[in-house]
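What the coordinates show
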Amino acid sequence: MKGNLRRLGKIVRKLDPKWWDHISHVYSFFSRPFIGSPIKFKGPGGLYIEEFSILEMPELLRRQFIEFCYPQDLQNRFEEINCDRQYWSSASTFLVFDENAKILGCSQYIVRNKNLKLPVEYGRTVEAIPDRGHFDISQSVGENKSAEIYRLRRSFDVSKRIVGDIVNMLFKALWAKIVQTQTAYVYITCSGDSKELFNLYSHRLFFEDTGIRMSYGQNPKKWCLLRKDCCLHEKRFATLSYNHFQMQTYFRTNLKQKRLCIAT
C-alpha cells in the first residue's frame, strides 16, 4: 500500500490539489473490498485490528480490555467502569493487537440515539457558555446524526513509529464506521493540558475546536471539545496536503463502502 502510494505521489504532487480527492476515490475504488462489518484488517509489522461488542467478547479478552482501557491508576476507576457499562451493548469497540495478541490500542465509537446520550453530554461546560450547563448537542448540530469517539488509548510501551501505525489503524477503522453508519458529526475530547493530542486531532485529523471546555462530575480538570464535520472531511481532507491525501486514501482503501453520502 505504502509503496503504491509513493509511486502515485510522484504524479499527484504535479497536479492541482483540487483533483486529489477524486484521485483518492479512484485509487481506493479499485482496491480489493474486504473490510465490512464487523471491521477487521491487518496493519504493518504484524499489527491487526478488530471490532468487538464488549458483551460478546470472550471473558479473558474482556478482562484484558478493561485492564488496558481502565488502568489501575485511573482516578475513580470503578465509577468510570460502572458509568460506561450503559454503552457496552451498543458501542463499537476497536482493539489493535500485536502479533502476540497483546492489546496496543483501543477506541470506542458510540452513536447517539433517542434513548442514549453520548458521554460528552454528561459534561458541564466551564468555558464559552456562561450558564455552565450540560452540553447540548442539538444546539450545535440539530437533529443530524452524531457520534462520539470515546476511550481512545494506546500503549506507552511501543516506539514512536508503532504509535503512528496504531493511530492510523484506529482512525481508518473509525472512518469506516462513520461511513457505515452515515454519521454527520463526530465529537472527541482531549485533555486541556495535552498540546500534542490537541494538535493531532485538530491539525492532522481535521477536527474543529469548538472553543468549549468541559469538566465531568466533581473533577475540575478541563477537557477540550472538538468536532468533525464528516461531510466536510469527505470533500476536503484529501486536498489539505499530500500527507492528508495519503491518509485519506489509506482510510478508504479496501472498504466495502467507501463514500459518505448523507441525505440533506
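Going along each chain's sequence as written, the residues are numbered from 1 onward. Reporting in this predicted model follows two pLDDT cut-offs: at least 70 for local features of residues, and 80 or more for side-chain atom pairs to be given and counted; totals over whole chains, interfaces and linings ignore these cut-offs and use all residues. Calculated side-chain values reflect all of the structure's heavy atoms, with hydrogen atoms and water omitted.

This part covers the overall build of the protein. Each helix corresponds to a stretch of at least 4 residues labelled H or I by DSSP, and each strand to a stretch of at least 2 residues labelled E; elements are numbered beginning at the N terminus. Helices and strands together make up the secondary structure of the protein, namely nine helices and nine strands. Computed over the C-alpha atoms, the radius of gyration of the protein is 19 Å, within 12% of the 18 Å expected from 2.2 N^0.38 for a compact globule of 264 residues. When the backbone C-alpha atoms are referred to their principal axes, the protein occupies close to 55 × 45 × 35 Å. A simple rule labels every residue: compare its accessible area, found with a 1.4 Å probe on the protein chains alone, to the largest value its type can have, and call it buried under 20%, exposed over 50%, or partly exposed in between. The buried share of the protein, taken over its 264 residues, is 50%. Here the globule rule is a power law, 2.2 Å times the number of residues to the power 0.38, and the radius of gyration is based on C-alpha atoms.

It is worth spelling out the state of the cysteines at this point. The disulfide definition used here is simple: a pair of cysteine sulfur atoms within 2.5 Å. Evaluation of the coordinates by the stated rule reveals zero disulfides. Its sulfur unpaired, Cys 106 is 4.1 Å from the next cysteine sulfur, which belongs to Cys 69. The closest cysteine sulfur to the non-disulfide-bonded Cys 231 is located on Cys 230, 7.0 Å from its own sulfur.

Before going further, it helps to spend a moment on the nonpolar core. As used in this record, nonpolar core signifies buried Ala, Val, Leu, Ile, Met, Phe, Trp, Tyr and Cys residues forming a set joined through side-chain atoms within 4.5 Å. Of all hydrophobic cores here, the largest spans 40 residues; its most connected members are Phe 171, Tyr 201 and Phe 207. Those elements giving two or more residues to this core turn out to be strand 3 (92-97), strand 4 (103-111), strand 6 (146-154), helix 6 (160-181), strand 7 (185-191), helix 7 (195-204), strand 9 (219-229) and helix 9 (242-252). A total of twelve residues in this core trace back to one element, the largest contributor, which is helix 6. Contact between two residues is taken to exist if any of their heavy atoms lie within 4.5 Å; hydrogens are not considered. When neighbours within four sequence positions are excluded, Tyr 201 is seen to be in contact with Leu 152, Phe 171, Ile 188, Thr 189, Cys 190, Phe 206, Phe 207 and Leu 226.

Once that is clear, we can look at the pattern of salt bridges. Salt bridges, as used here, are contacts in which a Lys or Arg side-chain nitrogen is within 4 Å of a carboxyl oxygen on Asp or Glu. This model, assessed by the stated rule, comprises twelve salt bridges. When the shortest N-O distance is used, the salt bridge between Arg 112 and Glu 121 registers 2.8 Å. Overall, the relative accessible area of 30% leaves Arg 112 in the partly exposed class. Its relative accessible area of 5% is what places Glu 121 among the buried residues. Among the ionic pairs, Asp 209 bridges to Arg 213, the shortest N-O distance being 3.0 Å. Taking relative accessible area as the criterion, Asp 209 reaches 30% and is therefore assigned partly exposed. Overlapping salt bridges bring together Asp 21, Glu 234 and Arg 252 as one network.

Another point: the pairing of strand 6. As a general feature of sheets, a regular strand has side chains that alternate between the two faces. Sheet analysis places strand 4 next to strand 6, joined by six bridges and oriented antiparallel. Its bridge partner being in strand 6, Tyr 109 is matched across the sheet by Ile 149. For the handedness criterion, the β-α-β arrangement of strand 6, helix 6 and strand 7 is classed as right-handed. Strands were regarded as paired on the criterion that DSSP finds at least two bridges between them. With the strands pointing away from the viewer, any crossover whose connection runs clockwise from the first strand over the helix to the second is right-handed.

Turning our eyes to something else, we now look at helix 6. With 22 residues, helix 6 ought to run about 32 Å at 1.5 Å a step, and its terminal C-alpha atoms sit 32 Å apart, in line with that. Judged by how many residues are buried, helix 6 sits mostly within the fold: 18 of 22 residues are covered. Of the residues trailing helix 6, Gln 182 is marked for its positive phi of about 50 degrees. Expected span of a helix, by definition, is 1.5 Å for each gap between consecutive residues, and there is one gap fewer than residues.

Quick look at the packing of aromatic side chains now. Working definition: a ring pair exists when centres of Phe, Tyr or Trp rings (six-membered ring for Trp) sit within 6.5 Å. Plane angles under 30 degrees give stacked, over 60 give edge-to-face, the rest tilted. Per the counting criterion, the structure on display carries twelve aromatic pairs. Ring centres of Tyr 242 and Phe 245 lie 5.8 Å apart, and the angle between their planes is 25 degrees; this geometry places the pair in the stacked category. Within this pair, Tyr 242 and its partner Phe 245 are both found in helix 9, separated by three residues, close to a single helical turn. The same class applies to Tyr 242 as to Phe 245, namely buried. Among the aromatic residues, those joined into a cluster by ring pairs are Phe 206, Phe 237, Tyr 250 and Phe 251. Positioned above the aromatic ring of Tyr 242, the side-chain terminus of Arg 13 is 4.0 Å from the ring centre. Cation placement over rings: the criterion is NZ of Lys or CZ of Arg within 6 Å of the ring centroid and within 35° of the ring normal. Seen from the ring of Tyr 122, Lys 117 lies directly overhead, with NZ or CZ sitting 5.9 Å from the centre.

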